[in-house]
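Coordinate analysis (summary)
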Amino acid sequence: MKNIAFGQYYPADSVLHRMDPRAKLIAAILYIVSIFLCSNALCFVVLALSAVLLVLLSRIPLRLVLRTLRPVIFILAFTCLINIFFTKGEHLLTPAGWRVQIYAEGLWNALFILLRITILLAATGVFLTFTTTPIALTDALEQLLSPLKKIRVPVHEMAMIVTIALRFIPLLTEETEKIMNAQKARGADFQSGGLVRRARALLPVFIPLLGSAMKRADELAEAMDCRCYHGGNGRTRLHVLRFRATDVAAMLLVTAFGVGVFFLNRLGIGYTM
Amino acid sequence: MSDTQSYIHAAHLCFSYEGRNGEPDSPALRDVSLDIARGEYVAILGHNGSGKSTFAKLLNLILEPTSGELTVGGTDLTNPDMTEEELMRHRRRVGMVFQNPDNQLVATLVEEDVAFGPENLGVPQPELRRRVDDALATVGMTAYARQEPHRLSGGQKQRVAIAGILAMMPECIVFDESTAMLDPAGRREVLDTIRTLNRERGMTVLNITHYMNEAAEADRVIVINDGGILMDGSPDEVFSRRDALRAVGLEVPQCTELIHRLRAAGAGLEGTGISTPAGCAALLGRALGLPGEQEPPAAASAAEEPPAGTAGDASCPAGTTDCADAAADAAGEDAAGAKLRLEHVGFVYGAGTPFAQTALEDVSLCIPAGCITGVIGHTGSGKSTMMQLLNGLAKPAGGKVYLDGNDINLTLREALESLRTQPQYASLSQRAAKKAIRAELVRRRRELCFRVGLVMQYPEYQLFEETVYQDIAFGPKNMGLSPEEIDARVRDAAAFAGVEEDWLQRSPFDLSGGQKRRVAIAGVIAMRPEVLVLDEPAAGLDPRGRTRIFERICAYQKQTGSAVVIVSHSMEDMAQYCDRVAVLSGAHLILRGSREEVFSHTGLLEQVGLDIPQVTHLVRLLRARGADLPANVYTVDRAAELLLPRLTGRAGQGGAGAHSNN
């Protein structure tokens, strides 16, 4: 358990791994916007090609990227089927008189939705979760949102909460395992019985876990006090995020891509949604 | 107002915590007056609840004094008008390192954590970078700068915590039981760091501890008891008052204890330097008329010591006669009489992933009934994994674990083969037999955790019930016993573990740490296990608490005659309480046998990073100077027994020698 990295971060050395997390965040947003601008076949071809290029650039195994589809596979399948069977259009594919009527438009729509969602998930993975550590992402969010401090949004505090949570998740996971083992050693049974019984069986785990988490929180607060923590005011940073030429170039590239997609879309080549 | 010479000045300092009803509780500190000079290395001793940690928290204004004077580095800490800025400036100067290494690291990267303090202080780049690098270099953690803290060992984490304080450029560091949760190797790392900071950087150091051996390293020892100062002096002065220390629940180091005993028996031994093995060796050396001082031998050279099969008079304590046979069994193939037996057992964490890690490899060990077996090894040696193999919580990746000769991890297929021929299954049809055997396996597996009772490390954190009684009854209840039987067992177990009658109806969360631990142990004893396995039963307790727990365990073992396994990294405890010892290092079992045999290999034990008992170390120093003593002396009793006849013969002479040598 100790050695399993938290989150989906996949360590590798790629252009995308090296990018400034803020640049990645902005690039990801721009890219996602361009996915939704797409509405014709040519556009989707370009989009799909760009997505493949991104995956290759990130050096993340394709298998891993596709795995992010797993949780949404049912919704995806359902949406596709609905589109196939219920879209009315001009090109009826099934012989006239059949009760089930499938139009070419339905198939196209289903394909587009499939592409859209796949590319959307792949892009967030490649830009963010796979290539950026959760902590870098938190930093990026804190800095990008810092203008909100002016309207009293506690941006720094929220980021600190996330940081501490990330720090303690592996610890608490380990502790949960230990407590479960300790209670198993006293004959606790977590596997059998119905839902209610199982939930009750977890009480001997949750109560000690909660107690220990509270104790940890207390001690951590004291340690932070001792190290002069007093909120975000006047704090300096060891790792200051700096945009480099490549980061700026990457953002410009994605913007250009978005604009390109926009105009390509207006040409209306191929089936249009 | 304050003495210009002293860095910390306290006069008539009092502190009371706020009680439940808002009224102040009985004072945690009363009328404490002391002065600590800049650059001093002071150890503050006291048992749990003596007020020593309260004192530390006052120094850093985590708590505010109730009354009295307290000045640190010229800043008056009782000033009610202290501004936020002044408070921060003060906290920067007085750093604190706490007990639990996990709960004081904030960031997810080592270097970012070290930077946390200076970041808060607004230290700009590149100064910030330089401070972080310097601090990490001082504690020897530069190589780990980009690591995640949860992957480090306890000692390493504690060093990172120290670096985090150092990066704020403090004048004084207070260590609040910072070594209590570490193994000997980790403790050594931290103590060496502390000493370097004091000696080379002139840092004022306060080490709050209940380890006597640690206090012996300081220039000055202050003993706090019941909120007041009991003693204040050099380690020698304080340790010479053994009985007064014992009265407040503290024990002197083993070598000091030895000198005390020898003196009491009329061996003379006038002189100072009784707080460290080196000092005691010098004293004893003079008294024994040994040739001049020599450099103590390095651990490596000591590894050549002959394994002392010469220890003829060594034997198991009374009532453990079958231990000797079992010792042979463990080595040989015939294993009759063994309660639990591990046969070529291995275990791998995360098998089949890139993170796979071997925790145990080819371990064979015999645990006989009727005696206490100690398993010793430092953190990461695989000992905690071994514990979980004993009661089936973990399944070995290879090899077998036998309880009373039965494989405890029998698979269904193996069970079908071995049990099918038994009379109760022989008459059944294939299908019915399979069903019956499967049920039998489930029953056995469930029974296993009741037969081999496991007390995990820091077991007090697993208490959860509303009352102590219900918590102890949790195990027996899971066994499906009748209410009368449960009641009898709870009361029995409570008595065995030292849980007092009137705690039973209280909430376990109202008890102190040591009391909670006894409740947790009672909870396992209540299942009346045939084998009781305890993982570090005394970790983090003060000397009095340690002795109590071990004496309870020994008494329990004697009365029930069951097998007991104690896992620990404290050699001194092993030497005192265990009949047989197994030593794990780097996933391998490197030594096993009676404690006499195992402790004769002191060199090997030290090589693998274990702390040999202090008295053993002392005897080795004497041997190096030519004393005619056996190598395997590991208890104070034995050392006293050996040394006394040699000393009394020449007591007068030795005493005179001591003076002339000085």
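The model shown is predicted, which means the values in this text are computed figures rather than measured ones. (Residues numbered from 1 in each chain as written. Chains lettered and ligands numbered in written order. Predicted model: local features only at pLDDT ≥ 70, side-chain atom pairs only at ≥ 80, totals over all residues. Heavy atoms only, no water.)

Some points on the overall build of chain B
Scanning chain B from N- to C-terminus turns up 27 helices and 20 strands. By residue count, 56% of the 662 residues in chain B fall in the buried class. Contacts in chain B between residues far apart in sequence, at least 24 positions, make up 67% of those at least 6 positions apart. A total accessible area of about 26,600 Å² is found for chain B, and carbon and sulfur atoms account for 49% of it. (Helix = DSSP H or I, 4+ residues; strand = E, 2+ residues; numbered from the N terminus. Buried < 20%, exposed > 50% of the residue type's maximum accessible area, 1.4 Å probe, protein only. Contact = heavy atoms within 4.5 Å. Areas by Shrake-Rupley, 256 points an atom, 1.4 Å probe, with all protein chains shown as cover.)

Let's talk about the overall build of chain A
The helix and strand inventory of chain A stands at 11 helices and zero strands. In terms of C-alpha radius of gyration, chain A reaches 25 Å, well past the compact-globule figure of 19 Å for 273 residues. Projected onto its principal axes, the C-alpha positions of chain A cover 70 × 55 × 40 Å. Taking all contacts inside chain A whose residues are at least 6 apart in sequence as the whole, residues at least 24 apart take part in 73%. Surface summary for chain A: the accessible area is close to 15,200 Å², and the carbon and sulfur share equals 70%. Across chain A, the centroid of the 29 positively charged side chains sits 5 Å from that of the 16 negatively charged ones. (Rg over C-alpha atoms; globule rule 2.2 N^0.38 Å. Lys, Arg positive; Asp, Glu negative; His and termini not counted. Charge placed at Lys NZ, Arg CZ, Asp CG, Glu CD.)

Looking at the interface of chain B and chain A
Listed per partner, the contact involves 64 residues of chain B and 45 residues of chain A. Summed over both partners, the interface of chain B with chain A comes to about 4,900 Å²; 57% of that surface belongs to carbon and sulfur atoms. Broken down residue by residue, the surface that chain B buries against chain A is led by N103, H150 and Y461 of chain B, which jointly contribute 14%. For the pair chain B and chain A, the number of links is five salt bridges. Two residues, E119 of chain B and R235 of chain A, come together in a salt bridge whose shortest N-O distance is 2.7 Å. At the junction of chain B with chain A, the criterion picks out 20 residue pairs in polar contact (both at pLDDT 80 or more). (Buried area = accessible area lost by both parts, 1.4 Å probe. Salt bridge = Lys/Arg side-chain N within 4 Å of Asp/Glu carboxyl O. Polar contact = N/O pair within 3.5 Å; in protein donor to acceptor, adjacent residues only side chain to side chain.)

A closer look at the pattern of salt bridges
Residue and element names in this part refer to chain B. This structure, assessed with the given rule, holds 58 salt bridges over all chains. One salt bridge connects R30 with D226, and the closest N-O pair in it is separated by 3.6 Å. Taken together, the residues span a long stretch of sequence, with R30 in strand 2 (residues 29-37) and D226 in the loop between strand 9 (220-225) and strand 10 (228-233) at a distance of 196 residues. Classification of R30 as partly exposed rests on a relative accessible area of 38%. A salt bridge links R130 to D134; the nearest nitrogen and oxygen atoms lie 3.0 Å apart. With R130 and D134 both in helix 4 (residues 127-138) and four residues apart, this pair spans about one turn of that helix. Classification of D134 by relative accessible area gives partly exposed; the value is 39%.

Some details on the sheet that holds strand 5 (residues 75-76) of chain B
All names here are of chain B. Strand order in the open sheet formed by four strands is 2-1-4-5, with antiparallel pairing between adjacent strands. Strands at the two margins of the open sheet, each flanked by one partner only, are strand 2 and strand 5. The pairing of strand 4 (residues 67-72) with strand 5 spans two bridges and is antiparallel. Looking across to strand 5, one finds that T71 is bridged to D76. (Pairing = 2+ DSSP bridges.)

Quick word on the environment of R198 of chain A
Among the secondary structure elements, R198 of chain A is positioned in helix 9 (residues 195-201). Apart from residues no more than four positions distant in its own chain, R198 of chain A is found in contact with F190, Q191, S192 and G193 of chain A.

What about the environment of L202 of chain A?
Residues and elements named next belong to chain A. Its location among the elements puts L202 in the loop between helix 9 and helix 10 (203-226). For L202, a relative accessible area of 27% corresponds to the partly exposed category. Through-space distance from the C-alpha of L202 to that of Q183 is 9.7 Å; in sequence the pair is 19 residues apart. With sequence-adjacent residues up to four places away left out, L202 is seen in contact with M180 and F190.

Observations concerning the nonpolar core
Judged by nonpolar contacts, the single largest core of 54 residues is most densely connected at I472 and V499 of chain B. Core analysis: the second largest hydrophobic core is formed by 50 residues, A43, A135, A163 and M231 of chain B among them. (Core = buried A, V, L, I, M, F, W, Y, C linked by side-chain atoms within 4.5 Å.)

A look at the sheet that holds strand 12 (residues 357-368) of chain B
Residue and element names in this part refer to chain B. Overall, antiparallel pairing links the four strands, which are arranged 12-11-14-15 in an open sheet. The open sheet has two edge strands with one neighbour each: strand 12 and strand 15 (406-407). As defined by bridge partners, strand 11 (residues 338-349) adjoins strand 12 across eight bridges and the pair is classed as antiparallel. Its bridge partner lying in strand 12, L340 is registered against I367.

A short note on the packing of helix 5 (residues 154-166) of chain B against helix 6 (residues 184-201) of chain B
Residue and element names in this part refer to chain B. Interaxial distance between helix 5 and helix 6 falls to 8 Å at its minimum, and their mutual angle equals 25 degrees. Classified by the interaxial angle, the pair formed by helix 5 and helix 6 is roughly parallel. Contact with helix 5, carried on its side by G155, Q156, Q158, R159, I162 and L166, involves G186, E189, V190, T193 and L197 of helix 6 and no other residues of that element. Residue composition of the contact of helix 5 with helix 6, grouped by class: four nonpolar, five polar and two charged. (Axes fitted to C-alpha atoms, helices over the stretch in contact; angles between N-to-C directions. Parallel < 35°, antiparallel > 145°, perpendicular 65-115°, else oblique. Nonpolar A, V, L, I, M, F, W, Y, C, P; charged D, E, K, R; others polar.)

Comments concerning the pairing of strand 11 of chain B
Pairing between strand 11 of chain B and strand 14 (residues 398-403) of chain B: five bridges, direction antiparallel. When the bridges of strand 14 of chain B are listed, R341 of chain B appears paired with Y402 of chain B.

Quick word on unusual backbone geometry
Leaving glycine out, the prevailing phi sign among residues is negative, and the prevailing peptide bond configuration is trans. Omega for the bond connecting Q125 of chain B with P126 of chain B falls within 30 degrees of zero, at 0 degrees, which places this linkage in the cis form. Relative to the helices and strands, P126 of chain B resides in the loop between helix 3 (110-120) and helix 4. Non-glycine residue C228 of chain A carries a positive phi angle of around 65 degrees. With respect to the helices, strands and loops of the structure, C228 of chain A is situated in the loop between helix 10 and helix 11 (245-267). Even without being glycine, E536 of chain B reaches a positive phi, approximately 45 degrees.

A word on the domain arrangement of chain B
Residue and element names in this part refer to chain B. Splitting chain B by domain gives domain 1 (6-243), domain 2 (254-308 + 614-661) and domain 3 (322-599). Using C-alpha coordinates to define each centre, domain 1 is positioned 35 Å away from domain 2. Together domain 1 and domain 2 conceal approximately 690 Å² of surface at their shared face, both sides included; 50% is due to carbon and sulfur atoms. When the buried surface of domain 1 facing domain 2 is broken down by residue, D236, F239 and R242 rank first, second and third, together holding 67% of it. Summed over the shared surface of domain 1 and domain 2, the number is one salt bridge. With its nearest N and O atoms 3.0 Å apart, the salt bridge here joins R242 to E257. (Domains from an automatic or database assignment.)

Quick notes on a nonpolar patch on the surface
Residue and element names in this part refer to chain A. A cluster of nonpolar side chains, contributed by I29, V33, L37, V259, F262 and F263, occupies part of the molecular surface with about 520 Å² of accessible area. Elements supplying a minimum of two residues to the nonpolar patch: helix 2 (21-37) and helix 11. Looking at the secondary structure, you find L37 in helix 2. (Patch = residues over 30% accessible without salt bridge, like charges linked within 9 Å, V, L, I, M, F, W, Y side chains within 5 Å.)

Thoughts on a negative patch on the surface
A cluster of acidic side chains, namely D81, E84, E85 and E86 of chain B, defines a negative patch on the protein surface. Given a relative accessible area of 31%, E86 of chain B falls into the partly exposed group.

Looking at the packing of aromatic side chains
Within this structure, the stated rule accounts for 13 aromatic pairs over all chains. On the numbers, 5.6 Å between centres and 20 degrees between planes, the contact of Y229 of chain A with F116 of chain B is stacked. Of the two residues, Y229 of chain A sits in the loop between helix 10 and helix 11 while F116 of chain B sits in helix 3, which places them in two different chains. Through pairs of rings, three or more aromatic residues link up here, namely Y31, F127 and F257 of chain A. (Phe/Tyr/Trp six-rings, centres within 6.5 Å; stacked < 30°, edge-to-face > 60°.)

A closer look at the domain arrangement of chain A
Residues and elements named next belong to chain A. Along its sequence, chain A is organised into domain 1 (15-145 + 241-267) and domain 2 (151-226). With five residues of domain 1 at the contact, the number on the domain 2 side is six residues. Across the domain 1/domain 2 interface, buried area totals approximately 500 Å², and carbon plus sulfur atoms make up 78% of it. Broken down residue by residue, the surface that domain 1 buries against domain 2 is led by I135, T138 and E142, which jointly contribute 74%. Between domain 1 and domain 2 we count zero salt bridges in total.

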